[in-house]
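Examination of the molecular architecture
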Amino acid sequence: MSKGATSRHIPRKRFGQNFLVDDGIIAGIVDAIRPQRSDTVVEIGPGLGALTEPLLDRLDHLHVVEIDRDLIALLRKHHQPERLLIHEGDVLDFDFSTLGSKLRVAGNLPYNISTPLMFRLAAFASGIRDIHVMLQKEVVERMVAAPGDSAFSRLSVMLQYRFDMEKLIDVPPESFEPAPKVDSAVVRLTPHATLPYPASDETVFADIVSRAFSQRRKTLRNTLKGRVPDATFARLGIDAGARAQELSVADFVRIADAVAAPA
Ligand code: SAM
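From a predicted model like this one, the values you see are computed outputs, not experimental measurements.

Remarks on the packing of aromatic side chains
On inspection of all chains with the given rule, the structure shows five aromatic pairs. Ring centres 6.3 Å apart and planes at 65° place the aromatic pair Phe152 and Phe213 in the edge-to-face group. Of the two residues, Phe152 sits in the loop between helix H6 (137–144) and helix H7 (154–162) while Phe213 sits in the loop between helix H8 (202–212) and helix H9 (220–223), which places them 61 residues apart along the sequence. On the accessibility criterion, Phe152 (0% relative accessible area) is buried. Aromatic ring contacts, followed pair by pair, group Phe94, Phe96 and Phe124 into a single cluster.

As C-alpha cells, this is what we get:
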C-alpha cells in the first residue's frame with residue numbers, strides 16, 4: 001500500500017496499532033520466515049501491509065486475520081482475493097485448524113492481547129509448522145526464560161511445554177509509527193515434533209502451573225495446598241518449600257501426573 005494510505009489512517013490504540021516503518025527490520029522478519037511459494041501462511045493483524053506485501057512477493061497466496069474494518073477496506077482495495085484472503089474478525093476467536101495442518105503463522109502482534117493470543121496458538125500447535133511473531137521484548141524474555149530466571153513464569157512453562165523457542169531480532173520503538181513505549185523482539189516458535197514431557201492430563205497440568213505461579217513469593221506447599229499433599233512432593237523428590245520459578249517443565253508434569261493419577 002502507498003505511504004499515503006499510511007498517513008491517512010489514524011492508528012487505533014485499542015487495537016494495539018503500532019505500524020512497522022523500518023525496512024531493514026521488515027526484511028529481517030521476512031528473511032527469518034523464509035517463505036516458500038506454496039506455503040500456507042496466515043498473518044495476524046496485517047494493518048497497512050508492512051509485512052503483508054513483502055510476504056505476498058514471495059508467496060502464491062496469503063491468509064490474514066484483521067479486526068479493523070477501515071484497514072480491511074484498504075486491504076481489499078489493494079489486493080485480489082485470489083492472492084490475499086482476508087478473515088475479518090477477532091483473532092482470539094479464529095479457528096486456525098481451518099487452514100490445514102502445516103500452517104505457518106506470522107505477525108507483528110497487537111501487544112494488548114499477546115498473552116491470550118499465545119495461549120490460543122498453543123492450543124492449535126498440532127496443526128502449526130512454525131510461528132514468527134513480534135511481541136513486547138519483556139514478553140519474549142518470559143517465553144524463553146529458564147527455570148531459576150526471574151522472568152520464568154506461567155507463560156514460559158505453558159509455551160515451552162509445546163514449543164521450541166528462539167528470540168531472533170531486537171526491535172527498538174523507533175521502528176514503529178507511532179513508537180510504542182516499550183522495546184520489542186521477534187521470536188520463532190516451533191512445535192516439538194514429540195512432546196518432551198507429555199502430561200497425562202493437560203487440564204490438570206495447566207491448573208497446577210496456574211496455581212503454582214498465582215503467588216510467586218509463596219512456596220509450592222502454600223500455592224498447591226489442597227491439591228498436592230506433602231507426601232506427594234516427598235515421593236517425587238521435589239522440595240515443597242521451593243517456589244514455582246525454581247521448577248522445570250518436567251517437574252510440573254510430574255506433579256500434574258501425580259495429581260491426575262494419585263498413587
Ligand atoms: N502488521 C502491521 C505492521 O506491522 O505494521 C500492523 C501491526 S499492529 C501492531 C497490530 C495489528 O493487529 C493491527 O492491524 C490491528 O488492527 C490488528 N488487531 C488488533 N487486535 C486484533 C484482534 N483482536 N484480531 C485481529 N486483528 C487485530
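Text resumes after the structure shown.
So, the environment of Pro147
Within the secondary structure, Pro147 is located in the loop between H6 and H7. Once the C-alpha coordinates of Pro147 and Arg216 are considered, the two residues, 69 residues apart in sequence, prove to be 13 Å apart. Apart from residues lying up to four places away in sequence, Pro147 is in contact with Phe152, Gln245, Glu246, Leu247 and Ser248.

Overview of the site of the ligand
In the region of the ligand, 23 residues are neighbours, and Leu20, Gly45, Glu66, Asp90 and Asn108 sit closest. The backbone of Gly45 places a nitrogen or oxygen atom 2.8 Å from a nitrogen atom of the ligand. One of the side-chain nitrogen or oxygen atoms of Asn108 is found 2.8 Å away from an oxygen atom of the ligand. Protein chains shield 98% of the accessible area of the ligand, which is 600 Å² for the free molecule. For the shell around the ligand, the elements supplying multiple residues, two or more each, are strand E1 (19–20) and strand E3 (62–66). Looking at the shell around the ligand residue by residue, the classes come out as twelve nonpolar, seven polar and four charged.

Notes on the pattern of salt bridges
Counted by the stated rule, this structure contains 18 salt bridges. For Asp70, the salt bridge goes to Arg12, with nearest N and O atoms at 2.8 Å. Taken together, the residues span a long stretch of sequence, with Asp70 in helix H4 (residues 69–78) and Arg12 in the loop between helix H1 (3–8) and E1 at a distance of 58 residues. Taking the shortest distance from any N to any O, the salt bridge between Arg104 and Asp39 comes out at 2.9 Å. With a gap of 65 residues between them, Arg104 in strand E5 (residues 103–108) and Asp39 in the loop between helix H2 (23–33) and strand E2 (41–44) connect regions that are remote in the sequence. A relative accessible area of 3% means that Arg104 is categorised as buried. Using a relative accessible area of 13% as the deciding quantity, one classes Asp39 as buried. Through salt bridges with shared partners, one network takes in Asp39, Arg104, Arg129 and Asp130.

Cut-off values and rules
- Residues numbered from 1 in each chain as written.
- Predicted model: local features only at pLDDT ≥ 70, side-chain atom pairs only at ≥ 80, totals over all residues.
- Heavy atoms only, no water.
- Phe/Tyr/Trp six-rings, centres within 6.5 Å; stacked < 30°, edge-to-face > 60°.
- Helix = DSSP H or I, 4+ residues; strand = E, 2+ residues; numbered from the N terminus.
- Buried < 20%, exposed > 50% of the residue type's maximum accessible area, 1.4 Å probe, protein only.
- Contact = heavy atoms within 4.5 Å.
- Near = heavy atom within 4 Å.
- Polar contact = N/O pair within 3.5 Å; in protein donor to acceptor, adjacent residues only side chain to side chain.
- Areas by Shrake-Rupley, 256 points an atom, 1.4 Å probe, with all protein chains shown as cover.
- Nonpolar A, V, L, I, M, F, W, Y, C, P; charged D, E, K, R; others polar.
- Salt bridge = Lys/Arg side-chain N within 4 Å of Asp/Glu carboxyl O.

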